[in-house]
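An overview of the molecular structure
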Amino acid sequence: MSRRILFITGILLSLSLQAEVNLTSLASNGIKKWEHKTFEGETQYETLEYKGRTALKATSKHAASGYYLKKKIDLLKTPYLNWSWLLEKPLHTVNERSKSGDDYAARVYVVIDGGFMIWKTQSLNYVWSASQEENLVWNNPFAGSNVKMISVKGKNAQTGQWYDEKRNVYQDLITYFGDKGSDKENKEAYRYIDVIAIMSDTDNNGGEAEAYYGDIVFSAE
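Let me sum up the structure you'll find in this document. (Residues numbered from 1 in each chain as written. Predicted model: local features only at pLDDT ≥ 70, side-chain atom pairs only at ≥ 80, totals over all residues. Heavy atoms only, no water.)

This part covers unusual backbone geometry. One non-glycine residue with positive phi stands out, namely Ser-25, at about 45 degrees. Tracing the backbone through its elements, the reader meets Ser-25 in the loop between β1 (20-22) and β2 (35-40). (Helix = DSSP H or I, 4+ residues; strand = E, 2+ residues; numbered from the N terminus.)

Now the structure itself:
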């Protein structure tokens, strides 16, 4: 193989690596780079092997705490959010559209940080819902229209099995926070997210949950 071909191969390999960003790398303790945030009590998290996958186990009992990573992700390069999750102990049916029921056995969410302009902060919460059907969207009862709850998994999803998920975050932002009217304006508004987080929380309804998360990866396709 000539040097020229080796050089081109190296460039293509570099581009392919840039087109996928594993944010957790659970097998190599990549979650330790994330920060822990407590809201009420402590959800317990641990990395282990579970049903054929390296996973982050979350056990929540009347608690709400999670992990978050401050990292700017360019959604024009890697718009797809990929993750897997499994639920062993679901929450009892609660009214998740109310403040008293704003709990989820598992959720993965992204944030556009408005900084000092807090009213510009926006978030998409991809949740495993105990009471809603799949693919419904509603405003968070505490934060209002700036935080959209999306039931990626609903009340009829099976426990005890892994589900692989894939969402086009860039398109979801446009769909749920509004098309700005042009490709240029959409890119200005939604090109970057600033924070990625996971949380299993049971503090509002006082329940218990057990969930498992696989690696969280952004990809080009």
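Moving on, we get to the nonpolar core. In terms of nonpolar packing, the biggest core is built from 47 residues, with Leu-81, Val-169, Leu-173, Ile-193, Ile-196, Ile-216 and Phe-218 touching the most fellow members. The element that contributes the greatest number of residues to this core is strand β7 (residues 104-112), accounting for seven residues. Sequence-distant contacts of Leu-81, defined by excluding residues within four places in its chain, comprise Val-108, Val-110, Tyr-126, Glu-165, Lys-166, Arg-167, Val-169, Ile-216, Val-217 and Phe-218. Grouped together as the second largest cluster of nonpolar side chains are five residues, Tyr-104, Val-127, Trp-138 and Met-149 included. (Core = buried A, V, L, I, M, F, W, Y, C linked by side-chain atoms within 4.5 Å. Buried < 20%, exposed > 50% of the residue type's maximum accessible area, 1.4 Å probe, protein only. Contact = heavy atoms within 4.5 Å.)

If you walk through the whole model with that rule in mind, you get ten salt bridges. Across the salt bridge formed by Arg-53 and Asp-164, the nearest N and O atoms sit 2.7 Å from each other. With Arg-53 in strand β4 (residues 53-61) and Asp-164 in strand β11 (residues 163-168), this residue pair connects regions lying 111 residues apart in the sequence. (Salt bridge = Lys/Arg side-chain N within 4 Å of Asp/Glu carboxyl O.)

Turning to helix α2 (residues 169-177), a few remarks are in order. Every buried residue belonging to α2 is among Val-169, Tyr-170, Asp-172, Leu-173, Ile-174 and Phe-177, and all of these are buried. At the N-terminal boundary of α2, the capping side chain belongs to Asn-168, with an oxygen 3.3 Å from the backbone nitrogen of Tyr-170. Looking one or two residues beyond α2, the residue adopting positive phi is Gly-178, at roughly 110 degrees. (Polar contact = N/O pair within 3.5 Å; in protein donor to acceptor, adjacent residues only side chain to side chain.)

Before going further, it helps to spend a moment on the sheet that holds strand β5 (residues 64-74). Ordered in space as β2-β5-β12-β7-β8-β10-β9, the seven strands form an open sheet in which the pairing is mixed. The sheet is open, and its two edges are formed by β2 and β9 (137-140), each paired on a single side. Here the strands of the sheet are splayed against their neighbours by 30 degrees on average, with no regard to which way each runs. Across five bridges, the pairing between β2 and β5 is antiparallel. Bridged to His-36 within β5 is Tyr-67. Sheet strands touched by α2: β7, β8 (122-128), β9, β10 (144-153) and β12 (192-201). Its angle to β8, the strand with the most contacts, is close to 105 degrees. (Pairing = 2+ DSSP bridges. Axes fitted to C-alpha atoms, helices over the stretch in contact; angles between N-to-C directions.)

Moving on, we get to the side chain of Ser-200. If you trace the backbone, Ser-200 turns up in strand β12. Owing to a relative accessible area of 1%, Ser-200 belongs among the buried residues under this scheme. Beyond its immediate sequence surroundings of up to four residues, Ser-200 is in contact with Thr-43, Tyr-45, Ala-58, Ser-60, Ala-63, Ser-65, Tyr-104, Ala-105, Ala-106, Ala-211 and Tyr-213.

Another point: the pairing of strand β3 (residues 44-50). Note that β3 and β4 share seven bridges and pair antiparallel. When the sheet's bridge partners are listed, Gln-44 is paired in β4 with Thr-59. Between the antiparallel neighbours β3 and β4 lie two residues, among them Lys-51 with a positive phi of about 50 degrees.

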